[in-house]
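The chain contents come next:
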Amino acid sequence: MKKQIVKPYSSSQKSKAQRKTRSSRGLRTGNCESFNFILEPSCSILSSDDFKKIEIARNGLPYSMIENLSEALNKPVISVLDILGVAQTTYNTNKKKDNALSSSSSELIILIMDLVNYGIEVFNKENDKFLLWLNTSNVMLRNNTPLSLLDTTIGVNEVKLCLDRIEYGNFA
């Protein structure tokens with residue numbers, strides 16, 4: 001079986017039809033047939049290098065990835081839709097049509113999943129403790145919960161810095 005190569009489009013080349021069908025190109029080829037990277041990190045986009053992640057984000061992840069993120073955060077799908085800024089009706093329609101998420105939503109999912117995997121590592125693979133931390137207000141984050149900051153890349157970066165401080169014992 002020949003491997004398909006995913007080639008990103010420049011923004012000027014993307015037509016509306018191309019954006020609607022990009023989820024069927026190349027993303028499901030390779031070593032892994034699913035995006036269940038919570039259970040199989042070796043087959044995940046998270047084990048990819050950053051340039052592969054850029055390519056995947058540009059092509060768009062399938063809407064079904066929202067369910068994976070929901071499972072990883074132990075939150076209902078509607079909460080994840082709020083984080084991504086996607087309406088419930090848009091989610092339902094596009095998931096049914098097997099369309100791809102926008103590049104910005106795809107990028108945010110990749111960043112959040114990277115963060116979740118790093119957080120679980122920082123908390124010594126104790127998922128429950130990490131999820132509790134994620135939902136608890138934090139002085140280092142100006143008394144916001146880490147989860148409440150995940151709707152922007154800047155917020156994801158701030159939460160990652162907080163995890164770095166925990167990892168290396170630098171709370172000052």
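Values in this document were obtained by computation on a predicted structure and should not be read as measured data.

## Points about the overall build of the chain
Turning to step 1, where the next piece is worked out: Summing up its helical and strand segments, the chain has eight helices and zero strands in all.
Turning to step 2, where the next piece is worked out: The helix and strand sequence of the chain, counted from the amino end, reads α-α-α-α-α-α-α-α.
Turning to step 3, where the next piece is worked out: Within the chain, the fraction of its 172 residues that count as buried is 40%.
Turning to step 4, where the next piece is worked out: Contacts spanning at least 24 positions in sequence make up 64% of the contacts within the chain whose residues lie at least 6 apart.
Turning to step 5, where the next piece is worked out: Of the accessible surface of the chain, which amounts to about 10100 Å², a share of 51% is contributed by carbon and sulfur atoms.

## A word on unusual backbone geometry
Turning to step 1, where the next piece is worked out: Here N74, not a glycine, exhibits a phi torsion of approximately 55°, which is positive.
Turning to step 2, where the next piece is worked out: When you line up the elements, N74 lands in the loop between helix 3 (65-73) and helix 4 (77-84).
Turning to step 3, where the next piece is worked out: The phi torsion at N143 lies on the positive side, around 65°, for a residue other than glycine.
Turning to step 4, where the next piece is worked out: Here N143 is to be found in the loop between helix 7 (127-134) and helix 8 (153-168).

## Some remarks on the nonpolar core
Turning to step 1, where the next piece is worked out: Formed by 39 residues in total, the largest nonpolar core has its most connected members in I66, L73, I109, I112, F130 and L150.
Turning to step 2, where the next piece is worked out: Other than its neighbours up to four places away in sequence, I112 contacts L69, L73, I83, L150 and V156.

Definitions and limits used
- Residues numbered from 1 in each chain as written.
- Predicted model: local features only at pLDDT ≥ 70, side-chain atom pairs only at ≥ 80, totals over all residues.
- Heavy atoms only, no water.
- Helix = DSSP H or I, 4+ residues; strand = E, 2+ residues; numbered from the N terminus.
- Buried < 20%, exposed > 50% of the residue type's maximum accessible area, 1.4 Å probe, protein only.
- Contact = heavy atoms within 4.5 Å.
- Areas by Shrake-Rupley, 256 points an atom, 1.4 Å probe, with all protein chains shown as cover.
- Core = buried A, V, L, I, M, F, W, Y, C linked by side-chain atoms within 4.5 Å.

Remember, this is a structural readout, not a statement about activity or role.
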